[in-house]
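# Structure assessment
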Amino acid sequence: MDTRPLQLFLTLADTLHFGRTSRLCHVSPSALSRSIRQLETELDTTLFYRDNRRVSLTREGERFRDYARQALADWQAVRLALQDEQRILQGELSLYCSVTASYSFLHDMLSSFRHNYPRIEIKLHTGDPARAVERVLNGAEDIAIGARPNQLPAGVAFLPITRSALRFIAPASQPQLAERLQGPADGSAWQDVPMILSEEGLARERTDAWFRRHGVRPHIYAQVSGNEAIVSMVSLGFGVGVVPQIVLDNSPLAARIRVLDVQPALEAYEVGIFTLMKRLSDPLIEAFWHQRELGQSPP
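Residues numbered from 1 in each chain as written. Predicted model: local features only at pLDDT ≥ 70, side-chain atom pairs only at ≥ 80, totals over all residues. Heavy atoms only, no water.

## Details of a nonpolar patch on the surface
Judged by side-chain polarity, Tyr-221, Leu-236 and Phe-238 come together as a nonpolar surface patch covering roughly 320 Å² of accessible area. Note on placement: Phe-238 falls in the loop between helix H11 (227-235) and strand E11 (240-244). We classify Phe-238 as partly exposed; its relative accessible area is 36%. (Patch = residues over 30% accessible without salt bridge, like charges linked within 9 Å, V, L, I, M, F, W, Y side chains within 5 Å. Areas by Shrake-Rupley, 256 points an atom, 1.4 Å probe, with all protein chains shown as cover. Salt bridge = Lys/Arg side-chain N within 4 Å of Asp/Glu carboxyl O. Helix = DSSP H or I, 4+ residues; strand = E, 2+ residues; numbered from the N terminus. Buried < 20%, exposed > 50% of the residue type's maximum accessible area, 1.4 Å probe, protein only.)

What follows is the structure, encoded as structure tokens:
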């Protein structure tokens, strides 16, 4: 913000002398005159009466002087408050998320946070997003990113970031398998399909519920930790898996799998940030929390 024109105006309003003002502000008389004329043009009014003998404020100039003093005072107060906040907010903040979250949207989030709070050090840990809530509850992390469970544990706060569909995926190299499973759910078509599923978490819960509704006892080929591992195994032809769409959007293996149009579709889930409610007043967590509220992509 360029406050120089206001500073020049106020000095001239105090001295009522162009020569003295130019010396005090270390600008040439011509630069000072240009600055005042520009203000008068922007305001579409005359701020000073001036002739060869004297300079005086107009009535409009007196009103603008009050505004300029208040504007500079407010600007200085804001600058000092923000500088004080940055000086006060320092320390470490541990954050847990999946590998996908770390490179899909966390970069922008942390870049902004780092800019606003350069003295807060982020300790980033990655792993299975199904463990996000657990990591916060047991005190291993200050903040975690993951899918909101059907029942949020008592004492846990959740701030949503985005929603993601859950997708059945099959190997692109096995088009006949994909065609067989497309469309309305047919329990008999799924009976002998090798499934690669998460060991735990919301995606596993919703997949198990989907199979129960359609009378299918799935043939589970592998249970793995992390969505990226599921995409990898499916791309290699080991079976059919279930992963969030946001994982596919950021996967280098997306061309090697095929998303199945299965009806009814699995219920989408909400992705967001977890922390303990009792820690929302912690200045470091509060700063991170409100940053997400101001701007709104995941595990």
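Okay, back to it.
## Here we look at the pattern of salt bridges
Scanning all chains against the criterion turns up eleven salt bridges. A salt bridge links Glu-40 to Arg-50; the nearest nitrogen and oxygen atoms lie 3.0 Å apart. Of this pair, Glu-40 sits in helix H3 (residues 29-43) while Arg-50 sits in strand E1 (residues 48-50), and the two are ten residues apart along the sequence. Between Asp-142 and Arg-279 there is a salt bridge; the shortest N-O distance is 2.5 Å.

## Concerning the confidence of the model for the protein
When the pLDDT values of the protein are averaged, the result is 86; 94% of them are 70 or greater. Looking over the protein, one finds the lowest element-wise mean pLDDT in helix H5 (residues 99-104), namely 71, and the highest in strand E7 (residues 166-171), namely 95. Under a pLDDT of 50 for its full length, residues 293-299 has, in the predicted model, 24 contacts with residues more than four places off or in other chains. (pLDDT = per-residue confidence, 0-100. Contact = heavy atoms within 4.5 Å.)

## Describing H11
Of all the residues in H11, the buried ones are Asn-227, Ile-230, Val-231, Val-234 and Ser-235. The buried residues of H11 occupy one face: seen down the axis, they fall within an arc of 130°. Remark: Gly-237 follows H11 within two positions and exhibits a positive phi of approximately 90°. (Arc of directions from axis to C-beta.)

## A closer look at the layout of surface pockets
Rolled over the atoms, a probe as big as a water molecule pinpoints where empty space is left. Here the largest pocket is characterised by a volume of approximately 300 Å³. Lining the largest pocket are 22 residues, and of these Pro-129, Ala-130, Ala-147, Gly-201 and Leu-202 lie nearest its centre. Among the elements that take part in the lining of the largest pocket, helix H10 (residues 202-213) stands out by supplying four residues, more than any other. Along the lines of polarity and charge, the residues of the lining of the largest pocket split into eleven nonpolar, four polar and seven charged. (1 Å grid on protein atoms, 1.4 Å probe; cavity = no way out; pocket = protein on both sides within 12 Å on 5 of 7 lines; lining within 4 Å. Points joined across faces, edges and corners; volume = space filled by probe spheres on them. Nonpolar A, V, L, I, M, F, W, Y, C, P; charged D, E, K, R; others polar.)

## Let's talk about the sheet that holds strand E6 (residues 156-164)
Strand order in the open sheet formed by five strands is E4-E3-E5-E14-E6, with mixed pairing between adjacent strands. The open sheet is flanked by strand E4 (120-126) and E6, the only strands paired with a single partner. Strand-to-strand twist in this sheet, taken as the mean axis angle between neighbours without regard to direction, amounts to 20°. Packing of helix H6 (residues 106-116) onto the sheet brings it into contact with strand E3 (91-97), E4, strand E5 (143-147) and E6, and relative to E4 it is tilted by some 165°. (Pairing = 2+ DSSP bridges. Axes fitted to C-alpha atoms, helices over the stretch in contact; angles between N-to-C directions.)

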